[in-house]
Amino acid sequence: FFFHQSVFPAIGKKSKSKPHQTHSVTSTRSTRNSTMKFLCVASLLATAAAFTNSGGAFTAYSPSVGEKSVNNVFADSSAHRTRKATIVMDGKANAIRDRIVTVKNTKKITMAMKLVAAAKVRRAQDAVLATRPFSETLQSVFGGLIARLGSESMDLPLLTQRDVKKVTLLVITGDRGLCGGYNSFMIKKSEARYNELKAQGIDVDMILVGKKGITYFERRNFPIRKTFECGQNPNAKEGLAISEEVLNTFLGGETDAVELFYTKFLSLIASTPSVRTLVPFSASEITNKGDEVFQLTSENGDFGVERTELDVAEPQEFPNDMIFEQDPLQIVNSILPLYLNGQILRTLQESVASELAARMQSMQSASDNAGALAKDLSLQYNRARQAAVTQEILEIVAGAQALE
């Protein structure tokens, strides 16, 4: 809306004609009141237009109560043609709007981390499948040798049970957080086992794998024999280093048993902290223990896991007239370290898969919470914006009523 001084000559001017002065003053007041009412309506329209998406929304200036209008009240139209709508909000609404942007950005990050974890779970699945043929062949040869030996006594160090006076705990945790209760569950379980053994008068030390477990137990001055850091892609070299430390500790007589603490992978939403005796071995357990593999699947955008139970490998048959260049006991004794190395590598891979699955679930929960929080903040922001508009309208109406 654009106005010229000739349209309302009484605005901002005092009457100079002395005759008919009373009539002139009354006419000036009436004209001024009409002008102020018109300006109030224009201000309401300008406030409403400021919240539209149109680039041609206009703003208007209404003089405050008691202020006289001047000739340059209305700005030139050229300044408004290129100006976009601007919402003038209070500090609370602006803070809510900034927080909404932050929450939405956080949701994008958590969703990306979930997809990265899913890709790594698939890689861990492929690693488990790649080691399966070696483990199956090793189990078959071991079973055939045990059957060939028959009732012969096997005086092998790794199969000999000792009186337990000292136990070594091999604890596998993760290197990073943001994976729910994965690390805390394993740490609590191993710490409870440590306290249980100490209460029975058994000496205990630890071999730690993973930064989270190392940091926790080092700060609390637990007896630590050795530490290892394992990334998201464990390999045979890392498994060999851990198995050599276990073998040297057990065969050197420094410990009587080694217990393994790891997280058993069940599904993408469930994993169980597990513990079992690693050494000494049991010949029957090696020959009769089956295996299982998992496969990551997706359907309608949702991830899932298919588990497959594998039967025990059939013992390899050795003819009775077969002559071994080495004694079968020596062959068994050389196979056991290989079996130990394979078991440790398998538990490392399964622990990594459990960590990644826990991270996927944690990031999914974080994304859902971020979406719900953004929705609540949007409602708060709309309420604050409506309150600001209502307050401006009330101020304009109050000013108009004060002039009547």
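Our structure's up above, just so we're on the same page.
Residues numbered from 1 in each chain as written. Predicted model: local features only at pLDDT ≥ 70, side-chain atom pairs only at ≥ 80, totals over all residues. Heavy atoms only, no water.

### Quick word on the pattern of salt bridges
This model, assessed by the stated rule, comprises 8 salt bridges. A salt bridge links Arg162 to Asp256; its shortest N-O distance comes to 3.9 Å. Here Arg162, found in the loop between helix H3 (91–149) and strand E1 (166–172), pairs with Asp256, found in the loop between helix H6 (236–251) and strand E4 (257–267); they are 94 residues apart in sequence, far enough to count as distant. The partly exposed category is assigned to Arg162, whose relative accessible area is 28%. Under the relative-accessibility criterion, Asp256 is labelled buried at 13%. Here Asp205 and Arg225 are joined by a salt bridge, their closest N and O atoms 2.8 Å apart. Placement of Asp205 in strand E2 (residues 203–209) and of Arg225 in strand E3 (residues 224–228) is noted, with a sequence separation of 20 residues between them. Judged by its relative accessible area of 26%, Arg225 falls in the partly exposed class. (Salt bridge = Lys/Arg side-chain N within 4 Å of Asp/Glu carboxyl O. Helix = DSSP H or I, 4+ residues; strand = E, 2+ residues; numbered from the N terminus. Buried < 20%, exposed > 50% of the residue type's maximum accessible area, 1.4 Å probe, protein only.)

### Observations concerning the packing of helix H4 (residues 182–199) against helix H5 (residues 211–219)
At a minimum axis separation of 10 Å, H4 and H5 run at an interaxial angle of 45 degrees. Relative to H5, the element H4 lies oblique. As for how H4 packs across H5, the hand of that crossing is right-handed. Between H4 and H5, the residues in contact are Asn183, Ile187, Ser190 and Glu191 and Lys212, Gly213, Tyr216 and Phe217, respectively. Looking at the contact of H4 with H5, its residues break down into 3 nonpolar, 3 polar and 2 charged. (Axes fitted to C-alpha atoms, helices over the stretch in contact; angles between N-to-C directions. Parallel < 35°, antiparallel > 145°, perpendicular 65-115°, else oblique. Left-handed = near helix turned anticlockwise from the far one by under 90°. Contact = heavy atoms within 4.5 Å. Nonpolar A, V, L, I, M, F, W, Y, C, P; charged D, E, K, R; others polar.)

### Description of the side chain of Thr173
In this fold, Thr173 is placed in the loop between E1 and H4. Every residue in contact with Thr173, bar those within four places of it in the chain, is listed here: Tyr182, Asn183, Met186, Ile187, Val209, Gly210, Lys212 and Gly213.

### Side note on the sheet that holds E4
What the 5 strands build is an open sheet, ordered E3-E2-E1-E4-E5; its pairing is mixed. The open sheet terminates on both sides in strands that have one partner only, identified here as E3 and strand E5 (270–279). Within the sheet, the average angular offset between the axes of one strand and its neighbour, ignoring direction, is 20 degrees. Of the strand pairs in this sheet, E2 and E3 are connected by 4 bridges, and their pairing is parallel. From the neighbouring strand, Leu208 faces E3, where its bridge partner is Thr227. Strands in contact with H5 are E2 and E3; relative to E3, the strand with the most contacts, it is inclined by about 155 degrees. (Pairing = 2+ DSSP bridges.)

### Side note on the packing of H6 against helix H8 (residues 328–403)
Their axes nearest at 8 Å, the elements H6 and H8 cross at an angle of 125 degrees. With respect to their mutual orientation, H6 and H8 come out oblique. Both H6 and H8 take part in a crossing whose hand is right-handed. Along the contact surface, H6 presents Ala236, Gly239, Leu240, Ile242, Ser243, Val246 and Leu247, while H8 presents Pro337, Leu340, Asn341, Ile344, Leu345 and Leu348. Residue composition of the contact of H6 with H8, by class: 10 nonpolar, 3 polar and no charged.

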